[in-house]
Amino acid sequence: RYMYIETSSPRVKGETARLVSDRFKIADGHNWCLKFWYHMYGNSVGALKVKLKMYPFNPSKPYYNTLRTTQYNRGDSWYFDQVRINSADDFEIVFEASVGTSYDADIAIDDIDVTKGYCPSPTPTPTPNACAVKCKSGKCVSSTNMCDFVNDCGVGDNTDEQNCGDCTFETGTALGHYMYVEASQGDSWDLARFESTWLQQSASTCVVSFWYHMFGSGIGTLYGYVKVGQTYTRLFEEWGNKGNKWIQGKLYVGRHSGPFKVIFEAERSYNVFGDIAIDDVSFENCTLPPIVSSCKRGQHRCARGSCIDPRRLCDYTDDCGDNSDEVNCYSYNYRCSFERSLCQWNQLSDDDFDWTRNQGSTASYGTGPMFDHTLGTSAGSYLYAEASWPRKKGDKARLASGFLSALPQGDTSCKLRFYFHMFGPDIGSLNVYTRPCNGCAETLVYTRSGNVGNFWDRAEVSLPSTVPFQVVIESVRGSSYQGDISIDDLSMTQYCRSYNGPIPTAPPPTTAAPTVPACPGFRFKCSNGPCIDWGYVCDYRDDCGDGSDEVNCGPCNFESGLCNWKDNSVGRYQWSRNKGSTVATGTGPSIDHTCGNAS
């Protein structure tokens with residue numbers, strides 16, 4: 001038996017439960033040792049605190065002192081801890097557990113023991129093995145440099161990077177192999193865990209690709225985690241019968257500067273028809289950018305000798321691999337990781353609800369992130385728009401920057417960079433506007449709608465304005481609770497400068513000119529007045545008589561815009577409208593095809 005807190009309904013985030021000991025009397029030396037075991041399993045786990053409630057000369061006025069705080073998902077394991085207690089007053093020991101953001105946040109304790117005297121010294125950390133592996137040349141590679149996605153042995157020899165995660169589970173025969181859990185050998189809700197070796201680091205683009213098979217009437221749940229130290233962060237979750245087929249899955253691992261493990265965990269359901277299998281695990285794009293003798297024109301040189309696109313500077317992503325692209329960022333305005341606050345961003349009152357700062361998973365299943373972008377773990381914070389009741393379709397949450405200075409006509413150097421997460425079957429829209437004042441007309445400069453996927457994606461938005469302006473980020477709720485939209489790691493380029501002049505005010509309201517009635521039955525209205533069926537729009541015939549039904553219908557020279565084309569890329573690899581040469585030298589055009597020049 002053990003003691004635990006149940007975090008399911010009606011419990012809500014932030015509620016606490018306390019377990020209090022008998023009162024301890026003052027002892028010679030004032031020293032005690034508290035030993036206990038704890039269990040913190042779930043992607044939304046809150047905090048476990050050990051406190052002293054001390055009674056001075058006036059016992060009616062006790063005071064508290066927090067001795068230990070433990071947070072975050074530690075996996076399905078019991079962990080030992082010991083806490084030194086030093087008190088000159090009588091005291092009681094208090095275990096305080098808080099409810100996290102969702103129901104998967106139970107916290108348990110067991111085997112509590114309090115003794116007089118000092119706690120024993122902890123076991124020292126083992127010294128790294130200086131010659132954990134020998135290359136073909138005889139060179140030694142330390143255990144701290146094995147499985148770090150860097151070939152330390154040299155060209156033609158990857159001895160130090162063998163058996164480091166990639167696996168097809170084959171044995172050199174023609175028979176195909178995979179890993180699976182046999183449901184008939186377990187009991188209901190048993191867990192089977194499959195771990196990688198310790199990997200020393202990874203690049204910001206690191207993704208683990210794998211294939212999974214979940215076929216049967218009693219399929220449970222397959223989880224994917226990354227483990228750093230004793231903290232588990234859930235990256236993947238699928239449950240139920242997916243049919244008799246192999247499906248590709250991905251774990252978006254991201255940048256880790258220290259050792260980590262990748263873990264697959266299968267949870268059995270209530271019957272034996274629930275075998276779960278995985279195969280062909282591979283680590284993709286996990287290598288740091290290569291060290292080169294010199295960078296191409298326009299590139300930024302990292303401290304470690306690699307090169308990156310300057311647009312990646314100070315965007316809260318360690319693209320260099322040594323974090324040198326994320327230092328000296330004072331000239332980049334409105335940077336915010338939301339780890340402690342909203343920084344210089346403000347919730348607006350002209351909306352229906354507010355953005356919420358959160359850690360770990362959101363409260364609704366099947367939508368929202370399981371971790372933030374900054375830290376890539378459930379310990380980090382982000383903002384999200386909660387789509388559950390009482391929200392309804394079309395409700396908006398809006399966030400605004402301060403005012404920024406005007407830019408010359410045609411100047412697009414001021415850009416907003418941010419990461420967003422739009423995962424769920426009923427995602428609404430994420431919009432970015434600029435406006436010259438509070439209450440003025442707003443200009444839409446970015447929009448994204450629908451389910452993008454269960455990962456953090458990056459957006460870079462130009463903010464052209466010839467007058468001082470604000471930036472507004474807006475989430476629009478979709479059709480159901482499975483529509484949480486999240487943002488993290490906001491920043492602007494150094495060309496976005498704060499405006500310190502008088503704040504513009506909205507012009508007085510004017511009587512709107514009468515509008516031309518819309519066409520009945522959602523038909524298309526021609527610029528010259530007539531209505532036509534939408535089936536005649538973009539059919540390469542001038543059905544309106546003025547050509548308005550054939551505008552923005554495919555042909556485009558990209559001189560004045562995108563002509564109703566839009567970039568729908570996922571991740572960093574995207575189409576961009578450009579003139580002249582591209583950023584990197586030795587590749588890309590220097591002139592366009594339409595005009596034959598760089599202007």
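What you see is a predicted model, and the numbers here were worked out from it, not measured in a lab.

1. Quick word on the nonpolar core
Step number 1: Grouped together as the largest cluster of nonpolar side chains are 34 residues, with contacts concentrated most on W345, F418 and I487.
Step number 2: Contributing elements (two or more residues each) for this core: strand 23 (381–385), strand 24 (396–400), strand 25 (415–422), strand 26 (429–435), strand 28 (457–462), strand 29 (470–476) and strand 30 (485–492).
Step number 3: In contact with F418, not counting residues within four places along its chain, are L430, V432, Y446, D457, R458, A459, V461, I487, D488, D489 and L490.

2. Points about the domain arrangement of the chain
Step number 1: For the chain, the assigned domains read domain 1 (3–116), domain 2 (179–284), domain 3 (346–498) and domain 4 (522–566).
Step number 2: If you average the C-alpha positions of domain 2 and of domain 4, the two centres end up 49 Å apart.

3. Overview of unusual backbone geometry
Step number 1: Of note, the bond from S9 into P10 is cis; its omega dihedral lies within 30 degrees of zero at 15°.
Step number 2: Mapped onto the elements of the fold, P10 is located in the loop between strand 1 (3–5) and strand 2 (16–20).
Step number 3: Between W389 and the following residue, P390, the backbone shows a cis peptide bond with an omega angle of 10°.
Step number 4: Among the secondary structure elements, P390 is positioned in the loop between strand 23 and strand 24.
Step number 5: Although it is not a glycine, F149 sits at a positive phi angle of roughly 65°.
Step number 6: Structurally, F149 can be placed in the loop between strand 10 (140–141) and strand 11 (179–181).
Step number 7: Accessibility expressed as a relative area gives 15% for F149, which makes it buried.
Step number 8: Even without being glycine, F338 reaches a positive phi, approximately 65°.
Step number 9: Among the structural elements, F338 can be located in the loop between strand 20 (307–308) and strand 21 (346–347).
Step number 10: For F338, a relative accessible area of 0% translates into the label buried.

What counts and what doesn't
- Residues numbered from 1 in each chain as written.
- Predicted model: local features only at pLDDT ≥ 70, side-chain atom pairs only at ≥ 80, totals over all residues.
- Heavy atoms only, no water.
- Core = buried A, V, L, I, M, F, W, Y, C linked by side-chain atoms within 4.5 Å.
- Buried < 20%, exposed > 50% of the residue type's maximum accessible area, 1.4 Å probe, protein only.
- Helix = DSSP H or I, 4+ residues; strand = E, 2+ residues; numbered from the N terminus.
- Contact = heavy atoms within 4.5 Å.
- Domains from an automatic or database assignment.

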